Amino acid sequence: MAIVDMPQFYNCRKADSDRYEMDKEIVRAGEELECTVVGLEFPKTRLLPAPGSEGSSGPRERFLEGETRWEPRLSKADKLDCEIAVASGVITGLVDSFFVGKFSFERASEWGSKKTNEFVIAMARLSGYEGDDLEGAIKHLEKNFKFAADGNKNDFGGGRQHHFRDFSHHFSLGGLVCSIFTQFTGKAIGTDTAGRLIIVDIPESHAEHLGDTVQEKIMKGTVDWLFHIASDIAGSSSNPGKGTGIPGPILSLIKQLSTLPIFQNARTVMERGEDEELNFRELIAKLFNGTLLGKRDENGKIIKPVRFDFRMELGIVHEVGRQAVPVLLNQCFIRSFYFVRRFAHEIKALDIRSLSELSRIDPADVLPFRNRAIARMSTVSTGVFSLVDAADAAVRAAIASKGKKEVFLREFIVRINFVGIGTFAIACALDVREVLKERGSDEADKIEAYERDIADLHCLELGPEQIRLLQSLQRCMVASDIELTKKSRKKEAKEIWLAEWEDAISKGLAEQGVLIRDYLLDESSLYAQFNELAKEDPAKPWPYLIALEADLIAPYPPLGGNSDKEFKGLKFENDYMLDTFCCSQSVVGKDDLESLRKAMKHAEGEIDAKLAKNVAKLVGTVVIATAATVAAFVFAPFIAPFIAGEAVAGLSGAALTSASLAFVGGGALAAGGLGMAGGTAIIAGGGAVLGAIGGTGITQLVGTMSCADGFVFLEASKLLCYSKEVLIKCYSDLDSVHKIRASLNERVLELEIEVAGLNGAGDSKTQVVGEDDNKPEISPKKQEKVISKSLRYLKRCNERLAKDLDSARIN
């Protein structure tokens, strides 16, 4: 049923004995139109004559030039946009050079310590402390919020190191999880002096700090943990503001990862002595202790340690924020210019003369987000910013280094604005995406045209007068929508679409000597003739076919002209079919249209096999969960050595599997762990969780089938809907359904033959589809993909029609 999707070819066949009452010119043309195909050509210009105009310089053109002449949007970045982007990049690059300067760990530590001290005092006051000094605040928190894992200080390296090695003392999500784990198991998780993962029992002296009920365990594992962390975050009460502190989220994650053998055995390029190198765990330990980043004298002796704890991490966030200021300023400059320029352009183009008329401007045309122009401006400005920043860093580093390469590299790195580099990378990715999207549109159009040709099934056809009614109805829908559209830009784009659509139809009619002003009916004439024709032959179901086709018309589809990009995103402002069509003719009522809509959705579900998709997802979830459990036993001997390391060394076979699962589960049951069952649950649980998340992860891969879109899908759905809801249910016309099935079988056979031919086409880059030189050229692989998808839809449609026919015979 390709008769309604514009622009297309219309098969205007007349029945042998039918005679239609039309205007005199239409009657004469109708005699010539018998058994012919009218081809529609598409306009290539913007200014088009209105219906009834005698030439291209008619009323439509004068209207556009005189009142609100339509002008294209500034959708691409032009020379002026790029010049402003360059200037913005240079200015903000200089701002970064003179006002931001280099990244300073000392400044970060100082700022982070100040904010941390304020945080500790605030937490103490929240829990009842009435003083305002840091030492008193820490004492208050230490006294009121005891921590069970503090009893394991010696297991984790003593008072100086247990904050770093005991995972429950980490101020991170992992630290919170380990704290709750301790409450429910009575065990603490951390590392020994060699960096190996250990799980130790909470001593009896601190067992009183474990909760008795589930509620108490959760409260102590979360609330008490938070306030105890606050007591440690700024040092102890004996050394407030300068003590050991605790690792922040970044270092906590690194420390936890360091327990894996792959990181324990990793080496670095940093020298420990003359011939030795630091391993990974030693490197992060020195980072926390302050010896890695500490200031040294000429002999290499540390004169001031710089600890990378929570205070430093907080200060680094502040330093990154300082670097972000010129980057944000750069974005503000280019986006403000974009907005002001487009806003002024819209005011001029739409001839806006008062504040009340500003509502005619479509926000999408002026807002500096998600469009090609702002993406290009952002790429240019951030690229220039990074170039200026790098040049400044190189010059200053060269001056400070005095020829020493190590000093130059260090100075260069701390002066680079990494926020700017990251923003530039993101801008490049977005810009490239826009370019690739535009380049891929031509090929998409070719594939679309190829699929449109396959979708022309010729199963249902309308006579010339019905086609006239359908096209007139489409014009009334668009005209009504234009009248209701308030945004001037959208309104004028819709008017251009209507003009190009009318011009396309008029060119086909002109070959038969028919003027479009005599062909398209106004609203009152349309419904008068619709009702008259329906009364003449009430046994014909064509009114329902017109209603279905008109209701499925896509709003403002591309017409193949130069203005197609301006039509994207245009939508109907009202439900014309339900509000006007159903009330203006006497055949298809509101209930009938609602039934057609429901039947169409049901048909789409059957053609797309949604039930099969859901079943596949459910089965896939069960299979994944089962497979994950099996995988826990199969792959445990391979996974566990990466986690357990030496704990399972020397084992093999069933012993290795059992020991691996038990280790992953936290130890054997006799030792208080979760045992093999726990290890199995942990390994299998990942797959089970993935399977349980509907529509995402592995489940989505299992349930993925062909995408329910395209012309063949729509045509097959319409055929199924119309056959079941109208031909069978309303008219009991089983013969027509049999003919539709025969036509589908014929098309399926044609496509299967075509696929067989494509299999022998090789890997040639392009191939002309068919013998018509006007058909698109696409690769055989893509042709085969389109045909395979089309065959699935057509076969499903045919199968459902067969079942509906069987049901109709039984009833």
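The rules behind these values
Residues numbered from 1 in each chain as written. Predicted model: local features only at pLDDT ≥ 70, side-chain atom pairs only at ≥ 80, totals over all residues. Heavy atoms only, no water. Helix = DSSP H or I, 4+ residues; strand = E, 2+ residues; numbered from the N terminus. Buried < 20%, exposed > 50% of the residue type's maximum accessible area, 1.4 Å probe, protein only. Areas by Shrake-Rupley, 256 points an atom, 1.4 Å probe, with all protein chains shown as cover. Contact = heavy atoms within 4.5 Å. Patch = residues over 30% accessible without salt bridge, like charges linked within 9 Å, V, L, I, M, F, W, Y side chains within 5 Å. Salt bridge = Lys/Arg side-chain N within 4 Å of Asp/Glu carboxyl O. pLDDT = per-residue confidence, 0-100. Expected span 1.5 Å × (residues − 1). Arc of directions from axis to C-beta. Polar contact = N/O pair within 3.5 Å; in protein donor to acceptor, adjacent residues only side chain to side chain. Phe/Tyr/Trp six-rings, centres within 6.5 Å; stacked < 30°, edge-to-face > 60°. Lys NZ or Arg CZ within 6 Å of the ring centre and 35° of its normal. Axes fitted to C-alpha atoms, helices over the stretch in contact; angles between N-to-C directions. Left-handed = near helix turned anticlockwise from the far one by under 90°. Nonpolar A, V, L, I, M, F, W, Y, C, P; charged D, E, K, R; others polar. Pairing = 2+ DSSP bridges.

**A closer look at the overall build of the protein**
- Secondary structure summary: the protein contains 29 helices and ten strands in total.
- Within the protein, the fraction of its 811 residues that count as buried is 45%.
- Carbon together with sulfur atoms contributes 58% to the accessible area of the protein, which is approximately 41300 Å² in total.

**Topic: unusual backbone geometry**
- Although it is not a glycine, R370 sits at a positive phi angle of roughly 50°.
- Along the chain, the position of R370 falls in the loop between helix 12 (310-349) and helix 13 (372-401).
- Using a relative accessible area of 86% as the deciding quantity, one classes R370 as exposed.
- Its identity as a non-glycine residue notwithstanding, S732 has a phi of 50°, on the positive side.
- Along the polypeptide, S732 turns up in the loop between helix 27 (711-728) and helix 28 (734-759).

**Notes on the environment of F333**
- With respect to the helices, strands and loops of the structure, F333 is situated in helix 12.
- By relative accessible area, which is 36% here, F333 ends up partly exposed.
- Sequence separation between F333 and S88 is 245 residues; the distance between their C-alpha atoms is 6.4 Å.
- In this structure F333 touches S88, I91 and T92, once residues within four positions along its chain are discounted.

**Some points on a nonpolar patch on the surface**
- A surface patch of nonpolar side chains, amounting to about 500 Å² of accessible area, comprises V86, V90, L94, F98 and F99.
- Its location among the elements puts F99 in helix 3 (residues 79-100).

**What about the confidence of the model for the protein?**
- Model confidence for the protein is summarised by a mean pLDDT of 76, while 73% of its residues fall at 70 or above.
- Every residue in residues 1-72 is under pLDDT 50, and counting partners more than four places away or in other chains gives 164 contacts.
- Note on residues 642-646: pLDDT under 50 across the span, and eight contacts to partners over four residues away in sequence or across chains.

**What about helix 3?**
- Counted at 1.5 Å a residue, the expected span for helix 3 with its 22 residues is 32 Å, and the 30 Å between its end C-alpha atoms agrees.
- Those residues of helix 3 not exposed but buried are D81, A85, S88, G89, T92, G93, D96, S97 and V100. In an axial view of helix 3, the angular spread of the buried residues amounts to 165°, which keeps them on one side of the axis. Within helix 3, the exposed residues directed more than 90 degrees away from the buried face are K79, F98 and F99.
- In the core, the buried residues of helix 3 are packed alongside helix 4 (105-126), helix 12 and helix 13.
- In this structure D78 caps helix 3, since a side-chain oxygen of it lies 3.3 Å from the backbone nitrogen of L80.
- Phi turns positive one or two residues past the end of helix 3, at G101, with a value near 75°.

**Examining the packing of aromatic side chains**
- Counting across every chain of the model gives 15 aromatic pairs.
- Aromatic pair F145 and F227: ring centres 4.6 Å apart, planes at 10°, arrangement stacked. Here the residue F145 occupies a position in the loop between helix 5 (134-144) and helix 6 (162-165), and F227 occupies one in helix 8 (residues 214-233), the gap between them amounting to 82 residues. With respect to class, F145 is no different from F227; both count as buried.
- Aromatic rings pair up to connect W497, W501, Y556 and F572 into one cluster.
- We note R307 situated over the ring of F288; from NZ or CZ to the ring centre the distance is 4.7 Å.
- Sitting over the ring of F98, R396 keeps its end group 5.8 Å from the ring centre.

**Details of the side chain of Q161**
- Tracing the backbone through its elements, the reader meets Q161 in the loop between helix 5 and helix 6.
- Overall, Q161 belongs to the buried group, its relative accessible area being 11%.
- Polar contacts involving the side chain of Q161 include one to the side chain of N289, which spans 3.0 Å.
- With residues near it in sequence (within four places) discarded, Q161 still touches F156 and N289.

**Overview of the packing of helix 5 against helix 8**
- Where helix 5 contacts helix 8, the two axes come as close as 9 Å, and the packing angle between them is 145°. Crossing of helix 5 over helix 8 shows left-handed handedness. On helix 8, the residues touching I138, L141 and E142 of helix 5 are F227, A230 and S231.
- Partitioning the contact of helix 5 with helix 8 into residue classes produces four nonpolar, one polar and one charged.

**A closer look at the environment of N759**
- With respect to the element layout, N759 can be found in helix 28.
- Classification of N759 by relative accessible area gives exposed; the value is 53%.
- Sequence separation of N759 and E784 is 25 residues, and the distance between their C-alpha atoms is 8.3 Å.

**Some remarks on the pairing of strand 4 (residues 197-201)**
- By the alternation rule, side chains of strand 4 split into I198 and V200, which are all buried, and L197, I199 and D201, of which none is buried.
- Note that strand 3 (residues 187-191) and strand 4 share five bridges and pair antiparallel. By the bridge assignment, G190 is partnered in strand 4 with I198.
- From the end of strand 3 to the start of strand 4, which pair antiparallel, there are five residues, and G195 there has a positive phi angle of about 85°.

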